[in-house]
Structure formats: C-alpha cells, structure tokens
Amino acid sequence: MRSTAFRLLTAGFCTLLGGCAGEFEAFPLTYSKAKVVTDIAEPVKQEAAVRALAELFGPSPREIKVPRGLGLRNGGAYLANFVTDSNGERKPLAVVDATGAKTQIGGGYQLYRKHCLHCHGVTGDGAGPTADFLYPRPRDYRKGIYKFTSTTAGAKPTRDDLWRTVNYGIHGTSMPGFEALMTPSEIQQVIDYVIFLSIRGESEVLIAQDVADGAWDEEIDADKGQNFALIDWAKEPANSKIYPRALETATMVADKWKQAEEQVMNPPAPRVASSNESILRGRELFLGKTAERLECWGCHGVKGQGDGKSFVDKKIFEKVLFTKAVFQSMHSDLDRQIAIIDSAAERFRELKSERESRLAAAGFGHGHHSEGHEPFHGWNAELTMPGSSSVSAESIHPHEYAGLHVSVKTDAAATKPSVKVVAPAGTKPQLVEDLSPGIRQAVLASAAGIADARGWVITYNGFVDAPADAPEDQLRLARIRAERQGESIREQLVHDYPGATVNVLLHREAPPTELAVVPLDEANSGPATIVTALVEESIGQVKNFYGKIQTDWTASLDEWQWPLRPANINTGTYKGGRRPIDIYWRIAKGINGAKMPAHETTLKPQQIWDLVNFVLAVPSRPELLRDATEPVRDEAPAAAPAKVAANR
C-alpha cells in the first residue's frame, strides 16, 4: 500500500455462495447530497462541488479514497476490507492479531453498514430507513458536532469519547451499546469510519458554501472540459484545478480532529466529597438562590422535570412530537408548522382548567371567599390613566379581589389605561402569573364603572398575514395561523365578557382597525378608552401566548434543527455518561449543539462539583426538590442553604 492517496474497495459480509454483499445489489449505495449542495443554483457550480468531494473521498461508499494528511489511523486502512493501490491491484486488508497471525479485517464501512447505517444513513446524515421511528433522531455526523465529549467547548471528541458512545450507547435514546456485538478492534474500525464520514460531511458543507459564494470561480473555469465520467478515482487528480482547494478545506477540518486529543478538559480541582452539605449547596445553585443566580431551573424546571419556562411548553412539545408525529422525513416544514399551531390551540384550552385548579389549590378559587376574608391583602394594582382622566382610587372596587390595594396616577404621554400588578414579597411567580390578568381586568372594569358586558358588540378583525404574491403553502400557513388564533381569541372574549356579542372576522388584506367595541347599553358603557383597553387586555393574552409558543419552539431547536427537551434529572438518565466526571464536563463546558451552556467561567470548580453531587443525588432523594420554588429576584440571594436531613 502506498502512502499517497489510494482507493479502498469496500465489500460487505460474505454470503454462503462465497460472494460478498454489494456484488449483487439491486443498486449501488450512493452518498446523498447535503442541502447546501442542492441549493447551489448554477449546475456547473453544483457539479464542481460534487466532483471535489469525489476527488477527495471517492465517488461512492464502495470506493473510498483517503487524501494524504487526513490523520486517520494508518492512513485510513481500517475503513474497508480490500485496498486497490495505484497499480490497480486489489488486496485484502489484514492486521496482526495477538497471536501474531494475520487476519483480514471487516473494515469500518462493512461494520457501519451492518450495525449503524439503518439509523445514521449511508452518508452519516442521520436519515437511515429507521430514523423516522426514533426520538431523539439519530445523529447527523456531517456537521462535525458531537454532544458528549471530554474536550473543551466546541472541540471535536477524542477517540475515547467516541469509544464510550459506541461501546456503551447513549442512555435514554435508541443508540445501543455495542460492547457485546463487536470486538474492541471492530469498534475502533467503526470509529475510523464515523470520523471519515464526519470529515467528509463537514468538508462538503464548507466546499459548497465557498463554491456558492464564488470563491472557486477561477478554478471552476480552469477545469472546464474535464470528463467527469473518465476520472481514474484510484489516482490523485494531478490535473484538477479544484482538487488543491478542496484538499485545503478537508485538511483544515481534519486538523481539528488531530487537535482534539490535546484539548481534553481536566478539572482543575479534585471532586468535592458527596456530603449532604455539598448536595445542598448544589441545590441552591440549581435553583438560582445564590449570588451567581444560575438559571438551571429555567430550563430543567424547579422540580427538575425538564419543564422549565425557557423551553416550549412541555405538553405542546409532546403533542407535536408524539401525537402529531410530523417530525419524519415524509413530512414538510409546512406540516410541522401547522402541527405546532394546532397543538398550541389545543393547549390554550387546557391551560384554563389547569390555571383554575392551581388557584383553587392556593385558596384563590371559587368557594374560598368568605366575609371578612381578604386573600389579596398585600397585593397592589397600580393603574395609570391618560392625563385627562378623572378616575380616582376611591371609585375602584374590584369586589372579587378582597384586600387588593389600588393606586391611580395620570400620565400625559399615555394613550390608554394600563395596570401593573405588584405581589407581596415571597409570592410564588406562578401564582403572580396566574392572578395578574384577572386583577388587571377587574381594575379596569371597575374604573370604567362596568358591571357586566351585556349589550356589548366586540368585533376582532384578524389579518391573514401573507404577501399578495405568496406561494400557496405560505398562504395556507398564514390562514391556519389566523384561524386558530382567532378561535382562541373568541374563546377568551366569551369567557371574559359573558353576555357580549363576539365577532371574529378574518381579512386577506390588513383591516383598518383590529378591534371595535360598541357598548349598546349606555348605562353600562363606561369610558370608551377603558372599555377598549379592557378588551385589548384579553386579546393581548392570546396573541402573547401564540407568539411565545412560536418563539420558544424556535429556541428549542438544536444545531440539527430538531426539537429537544432539557433533561429530567429525577430519572437518573444521563445520556453522556453517569460518572461524576461526565456530569462535570456537561456542566463546565456545556453540550455541543444543544442549549446547555458552559459554566466554567461562572462557577468555581468546587461549585461545579457541588452541582454534580446534587444532580447525582436527586433520583434517590426526591425531597431535595419536592417543595422547591422559583427564585424571586427582588429578594437578596440566600446566604446559605437550609439544613435538610440526609437519607443515608
């Protein structure tokens, strides 16, 4: 075997007839093109990107080519089980085993095809035939991003990192451990092939971007006239003008893999003993109740169940992913967007009953008000009126909110009334969120002197927001979004203003006014600005809900554009490994490609170890988070955690 570029002919596992799988295929396996390649508009440029990849890595999975300097073991000899040198001679690849005998290897491609291809795909794009049936979806290697590494943030994994993943699998996913299915030597061969696919895929993206941007125009023009079909893939393309540019890109990508072994993050301090004191310090860090004010709870939830408010509502996530089942390759982006909107509409109805249940449990629901009882003592509502208003605090009596203190001020710059709700110190944020809309509405209604909404006619004019020349898919999505939001607005208005006539109209062109409120009963009309502000408050709640769902969903996508959830730390499922050092790496440097941020610059190593001890303790000590609450940010951070008895 020469040290220059060579071609590896991969064969499958042998059949009973002595042939090899691949020789009698119905069709040969081919690499799929990345979207960034198919998006290149000019055919000549797209062909140049495809040819550059073929000259670098070979034209197909059965004809693997390894450029010089790629850094793979033994020049890439473990990728296949046969090699054809530059003289065209085809020889089996063999290794010397522990006994000194030579044994032909299976090769990374053969083993990958047998164990991995059905999930991760021929190209390593995570789109194998079984991928649509799995969540999380199999990893797409082409981005060169790996979540669970021991290296610094953004760096490539070491071979040991990949070995742990292949050997032990990833807990909580469909990635199995292959410890019992492959020998250690075979696992190393698969790792070689995964690295090869990753280098090829990342090079493909970078090459396509450069070609599309015009950076290769000169080389492409110089290469015109070459016959793509007559290229001898076994030889280095000495006459190709694009090959040197492509090799430069591939070498840059491969260098990152070479550097990984030197980028392992070693904790600067030994692990803190997992004492009760350390676990409780970690608990306070997790809940954001220390001077560092971490937001772990914002993603993982105050109970650690992976339902924090920084991510899309967990119920909507589950409806879209598991009920709608639209995150399969057969579905389009339009299907997914419609599923999100439909699920948001379903969830909007569910949240009302959940909110009422929470308030009843907290003593604020129906049946909890008795004479002399003032459940809202200590609560304040600050009403701001336009400068010409004559409304006074003495005239405002929101009877359903006994004990509520109301203050009124005027603002010459204000165009409509507004209400700010201030809860007593220490009130749970969820309770404030649940009660504030009702308090604002009650204060505005009382300020307007409105007893009920009988006789009102409320007309909401919705806009199907799409350009006049929008394609049919975009127009359909805009129409569905307007319809679902309009239905929810109708539900909200009927609920908030019983007795009113509610009209929801959708318009293809922007309506002159979004809202019209006509109080037909003059005795119950109230000042027009307050009545309108009151209805706008209800409509705003719905629009904010839909807007937040869309924003949160987008923010919940990983680097592969698949939706993800923060871990539920109560289950004891640790995808990246359950050793203390594995958890340390996740906290210190974050998780590549996911939303887990790095904390190595925010926390001291001892504090990271405290968090590690806490995370590992939660599954066996549920009392740690049983009564946990969100931090109230106007309070000073806790000086020290309270004592909690350890379960020993």
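This text gives an overview of the structure that appears in the document. Bear in mind the structure is a predicted one, so any value in this text is a computation, not a measurement. (Residues numbered from 1 in each chain as written. Predicted model: local features only at pLDDT ≥ 70, side-chain atom pairs only at ≥ 80, totals over all residues. Heavy atoms only, no water.)

1. Some remarks on the overall build of the chain
Here's step 1: Within the chain, the secondary structure is distributed over 18 helices and 12 strands.
Here's step 2: A burial count over the chain gives 48% of its 648 residues as buried.
Here's step 3: Within the chain, residue pairs in contact and separated by at least 24 positions form 73% of the contacts whose partners lie at least 6 positions apart.
Here's step 4: Working note: accessible area of the chain is about 31400 Å², and carbon and sulfur atoms make up 53% of it. (Helix = DSSP H or I, 4+ residues; strand = E, 2+ residues; numbered from the N terminus. Buried < 20%, exposed > 50% of the residue type's maximum accessible area, 1.4 Å probe, protein only. Contact = heavy atoms within 4.5 Å. Areas by Shrake-Rupley, 256 points an atom, 1.4 Å probe, with all protein chains shown as cover.)

2. Considerations on the environment of Val494
Here's step 1: The topology assignment puts Val494 in helix α14 (residues 472-496).
Here's step 2: For the pair Val494 and Ile458, spaced 36 residues apart in sequence, the C-alpha separation works out to 9.8 Å.

3. So, the packing of helix α12 (residues 333-361) against helix α15 (residues 528-555)
Here's step 1: Two elements in contact, α12 and α15, have axes separated by 11 Å at closest approach and are oriented at 130°. With respect to their mutual orientation, α12 and α15 come out oblique. In this structure, α12 meets α15 at a crossing whose hand is right-handed. Contacts from Gln337, Ile340, Ile341, Ala344, Ala345, Arg347, Phe348 and Leu351 in α12 reach Val542, Phe545, Tyr546, Ile549, Gln550 and Trp553 in α15.
Here's step 2: Each residue belonging to the contact of α12 with α15 can be placed in one class, and the counts come to 11 nonpolar, 2 polar and 1 charged. (Axes fitted to C-alpha atoms, helices over the stretch in contact; angles between N-to-C directions. Parallel < 35°, antiparallel > 145°, perpendicular 65-115°, else oblique. Left-handed = near helix turned anticlockwise from the far one by under 90°. Nonpolar A, V, L, I, M, F, W, Y, C, P; charged D, E, K, R; others polar.)

4. Describing the pattern of salt bridges
Here's step 1: Tallied over the full model, the rule gives 39 salt bridges.
Here's step 2: In this structure, the salt-bridge partner of Glu204 is Arg200, at a minimum N-O distance of 3.9 Å. Note that Glu204 and Arg200 are positioned in helix α6 (residues 184-212) at a spacing of 4 residues, about one turn of the helix.
Here's step 3: Residue Arg200 is classed as buried on the basis of its relative accessible area of 6%. (Salt bridge = Lys/Arg side-chain N within 4 Å of Asp/Glu carboxyl O.)

5. Section: the sheet that holds strand β9 (residues 418-422)
Here's step 1: A sheet is described by the order of its strands in space; here 3 strands give the open sequence β8-β7-β9, paired in mixed fashion. Both outer strands of the open sheet, β8 (405-411) and β9, are each paired with one neighbouring strand and no more. Strand after strand, the sheet turns through a mean of 20° between neighbouring axes, direction not considered.
Here's step 2: Alignment of strand β7 (residues 380-386) against β8, held across 7 bridges, turns out to be parallel. The residue of β8 that forms the bridge with Asn380 is His405.
Here's step 3: Strands in contact with helix α13 (residues 429-447) are β7, β8 and β9; relative to β9, the strand with the most contacts, it is inclined by about 135°. (Pairing = 2+ DSSP bridges.)

6. Quick word on the nonpolar core
Here's step 1: Counting residues in hydrophobic clusters, the biggest one holds 59 residues, and the most contacted among them are Ile439 and Trp456.
Here's step 2: The element best represented in this core is α15, accounting for 10 residues.
Here's step 3: Counting residues in each nonpolar core, the second largest holds 49 residues, with Leu79, Tyr112, Phe178 and Ala254 among its members. (Core = buried A, V, L, I, M, F, W, Y, C linked by side-chain atoms within 4.5 Å.)

7. Overview of helix α16 (residues 580-589)
Here's step 1: Most of α16 sits out of view: 8 of its 10 residues are buried.
Here's step 2: The set of residues buried in α16 consists of Asp582, Ile583, Tyr584, Trp585, Arg586, Ile587, Ala588 and Lys589.
Here's step 3: The inward-facing, buried residues of α16 abut α5 (159-168) and α17 (605-617).
Here's step 4: Taken from the residues just after α16, Gly590 is the one with a positive phi, measuring 80°.

8. Some words on unusual backbone geometry
Here's step 1: Going from Tyr135 to Pro136, the amide bond is cis rather than trans, its omega being -5°.
Here's step 2: Mapped onto the secondary structure, Pro136 falls in the loop between α4 (117-120) and α5.
Here's step 3: Of note, the phi angle at Arg293 is positive, near 50°, even though the residue is not glycine.
Here's step 4: Within the element layout of this structure, Arg293 appears in the loop between α9 (276-286) and α10 (296-300).
Here's step 5: Its identity as a non-glycine residue notwithstanding, Ala325 has a phi of 55°, on the positive side.
Here's step 6: Residue position: Ala325 is located in the loop between α11 (314-324) and α12.

9. Quick look at the packing of aromatic side chains
Here's step 1: This model, assessed by the stated rule, comprises 22 aromatic pairs.
Here's step 2: Ring geometry for Tyr135 and Phe317: centres 6.0 Å apart, planes at 70°, overall edge-to-face. Linking Tyr135 in the loop between α4 and α5 with Phe317 in helix α11, this pair joins segments that are 182 residues apart in sequence.
Here's step 3: For Tyr135, a relative accessible area of 30% translates into the label partly exposed.
Here's step 4: Residue classification places Phe317 among the buried positions, given a relative accessible area of 2%.
Here's step 5: Here the aromatic rings of Phe317 and Trp553 are separated by 6.2 Å at their centres, their planes lie at 40°, and the arrangement is tilted. Separated by 236 residues along the polypeptide, Phe317 in helix α11 and Trp553 in helix α15 bring together distant segments of the chain.
Here's step 6: Classification of Trp553 by relative accessible area gives buried; the value is 3%.
Here's step 7: Aromatic rings pair up to connect Phe57, Tyr109, Tyr112, Tyr141, Tyr146, Tyr193, Phe196 and Trp257 into one cluster.
Here's step 8: When the ring centre of Phe317 is taken as origin, the NZ or CZ atom of Arg565, which lies over that ring, is 5.2 Å away. (Phe/Tyr/Trp six-rings, centres within 6.5 Å; stacked < 30°, edge-to-face > 60°. Lys NZ or Arg CZ within 6 Å of the ring centre and 35° of its normal.)

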